[in-house]
Amino acid sequence: MFDQKKLLEYTLSYEEYPAFESGLTSSLLVGLYNVLSSSSIVPSSAHVRIIAMFMYLLSGWILFSTFSEHNTFVFSLLFMLLLFTSRFPFLWLSSELFAGAFLMLLLWSVTQNLPFIVISILTSLFMLSKPDLIFSGIVVGFFLAFFCEKKNLKCRLINVVIFLTIAVAPILPGLLRDGLSYLAPQGRAIFSFGQHYAAMVAKHQMVSVRPDPWLEWEAYFTPVWGQVRTLTGVVISSPAKYLDFVFLSMAQSIKNFLRSNLFLLLPVSIYGWIKTHHSNLKMVSVFLLSGFIPITLLSFTHTRYIARFYPLFLFIIYLYLTEFKTTNRTVSRLALVEFTTRQQEGFFILCYLLFVLALQLYQLPPVFTAGHWFPD
């Protein structure tokens, strides 16, 4: 609730330009809403959550109707129902839905081979929506600048300049106001690390009274790490203890994957990734998944974080099911056998997706009734 409240309190202005670590895109979107609305924080939260849900679902529809010549309305509707019943559109924290929406629009722009300037804008909106997405956004941006089009080195370097220019543009007001200090760490990393370390070790403390790990995280952090207040200092002071944290983070993330049903999509999406012939999209998906790296090193994957990854796994399955189509009656026997095999595989995958949909429909009513989902 604190994160949503902090997001809603921002009003667009140069004097109070959002911090680089706060998620620029999400803050600026809410700031623009606050300029246009004078509602108090309770109705504002409802309005912003509706806007975020609309963006998330609209981006999903745009993405899952990309290859309209390869599928029907019912086929696209199946993927939209999977996205809707995943419960992610009902998340309490709107910034996660903004990130997921921009990720889907980024994937759509690549599938449509849109001009690189459009791809750069959507990549920048995605990477700046949450601070832990900056790493994967930069990797994706540079990859697309060099490999999304078959051009000479000069054109690729121009693409890099375009991407960097667009990525820096939202940061520019902060740089003009504060200089390079605007980019300097402001303690968010160690604060996040301390809270998540405390949350994971608190449950192992067999004492009658345990301090709240989110509000009093230093009670767990200081006895182990002392007065270290940088993530680099944490790693250097005790690499072995930090490695313990990383493995605890991975274990907690796996539990949250189960809660979000992401593991149900995992085997089918891995199979689809291996089989699909969209090489650029395969690499883009891998680089987007690299967003798990900073999450694991600083905290753990909350269930709400998966709002930006669940559509990606769905899209990989969608890619595989839509890419193979033939209408040539003179097709060779070998191609015909492959086509028939694909049809059989597609049928089983669709049956499996219907099973996932049925499970998610069973899980949805409590969330739908409450009007929000607050898993962690």
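Structural data are supplied above this passage.
This report concerns the structure included in the present document. Given the structure is predicted, the values throughout are model-derived calculations rather than measurements.

Rules used throughout
Residues numbered from 1 in each chain as written. Predicted model: local features only at pLDDT ≥ 70, side-chain atom pairs only at ≥ 80, totals over all residues. Heavy atoms only, no water. Helix = DSSP H or I, 4+ residues; strand = E, 2+ residues; numbered from the N terminus. Expected span 1.5 Å × (residues − 1). Buried < 20%, exposed > 50% of the residue type's maximum accessible area, 1.4 Å probe, protein only. Arc of directions from axis to C-beta. Contact = heavy atoms within 4.5 Å. Core = buried A, V, L, I, M, F, W, Y, C linked by side-chain atoms within 4.5 Å. Patch = residues over 30% accessible without salt bridge, like charges linked within 9 Å, V, L, I, M, F, W, Y side chains within 5 Å. Areas by Shrake-Rupley, 256 points an atom, 1.4 Å probe, with all protein chains shown as cover. Salt bridge = Lys/Arg side-chain N within 4 Å of Asp/Glu carboxyl O. Axes fitted to C-alpha atoms, helices over the stretch in contact; angles between N-to-C directions. Parallel < 35°, antiparallel > 145°, perpendicular 65-115°, else oblique. Left-handed = near helix turned anticlockwise from the far one by under 90°. Nonpolar A, V, L, I, M, F, W, Y, C, P; charged D, E, K, R; others polar.

As for unusual backbone geometry
Its identity is not glycine, yet Asn113 carries a phi of approximately 50°, on the positive side. Phi is positive for Asn261, close to 70°, though the residue is something other than glycine.

Thoughts on helix α13 (residues 239-259)
Compared with an ideal rise of 1.5 Å per residue, which puts 21 residues at 30 Å, α13 spans 30 Å between its outermost C-alpha atoms and is within 8% of the ideal. Taken as a whole, α13 has its buried residues at Tyr242, Phe245, Val246, Ser249, Gln252, Ser253, Asn256 and Phe257. One face of α13 carries all of its buried residues, which in axial projection span an arc of 150°. In α13, those exposed residues whose orientation departs by more than 90 degrees from the buried face are Ala240, Phe247 and Leu258. Close packing links the buried residues of α13 with α10 (188-202), α11 (218-225), α12 (231-237), α14 (262-275) and α16 (292-298). Just beyond α13, the residue with positive phi is Asn261, at close to 70°.

Things to note about the nonpolar core
Counting 84 residues, the largest nonpolar core has Phe64, Phe79, Leu83, Leu144, Leu288, Tyr310 and Leu353 as the members making the most contacts within it. Per-element accounting of this core gives the leading share, 11 residues, to helix α5 (residues 94-111). Once you skip the residues sitting within four places of it in the chain, Phe79 turns out to touch Phe64, Leu314, Ile317, Tyr318, Leu321 and Leu353. Counting 17 residues, the second-largest nonpolar core is a separate cluster that includes Phe193, Ala202, Trp217 and Val234.

Some remarks on the side chain of Asn261
Topologically, Asn261 is positioned in the loop between α13 and α14. Aside from chain neighbours lying at most four places away, what touches Asn261 is Arg87, Tyr310, Leu359, Gln360 and Gln363.

Comments concerning a nonpolar patch on the surface
Together, Leu12, Leu32, Val35 and Leu36 line one region of the surface with nonpolar side chains, adding up to about 380 Å² of accessible area. With respect to the helices and strands, Leu36 occurs in helix α2 (residues 24-36). What makes Leu36 exposed here is its relative accessible area of 70%.

What to know about the pattern of salt bridges
Applying the stated rule across the entire model yields seven salt bridges. Note that Asp132 and Arg308 form a salt bridge whose closest N and O atoms lie 2.4 Å from each other. Within this pair, whereas Asp132 is found in the loop between α6 (116-127) and α7 (134-147), its partner Arg308 is found in the loop between α16 and α17 (310-323), the two being separated by 176 residues in sequence. Residue Arg308 is classed as buried on the basis of its relative accessible area, which comes to 0%. With a closest N to O distance of 3.6 Å, Asp376 and Arg304 form a salt bridge.

Side note on the environment of Pro311
Looking at the secondary structure, you find Pro311 in helix α17. Taking C-alpha positions, Pro311 is 14 Å from Gly272, a pair spaced 39 residues apart along the chain.

Considerations on the packing of helix α3 (residues 41-63) against α5
In contact at an axis separation of 8 Å, α3 and α5 are set at 20° when each is read in the N-to-C sense. On the basis of the axis angle, α3 is roughly parallel to α5. Two packed elements cross with a definite hand, and for α3 against α5 that hand is left-handed. From α3, Val48, Arg49, Ala52, Met53, Met55, Tyr56, Ser59, Gly60, Ile62 and Leu63 reach across to α5, where they touch Ser94, Leu97, Phe98, Gly100, Ala101, Phe102, Met104, Leu105, Leu107 and Trp108. Looking at side-chain class alone, the contact of α3 with α5 contains 15 nonpolar, four polar and one charged residues.

These figures capture arrangement, not role.
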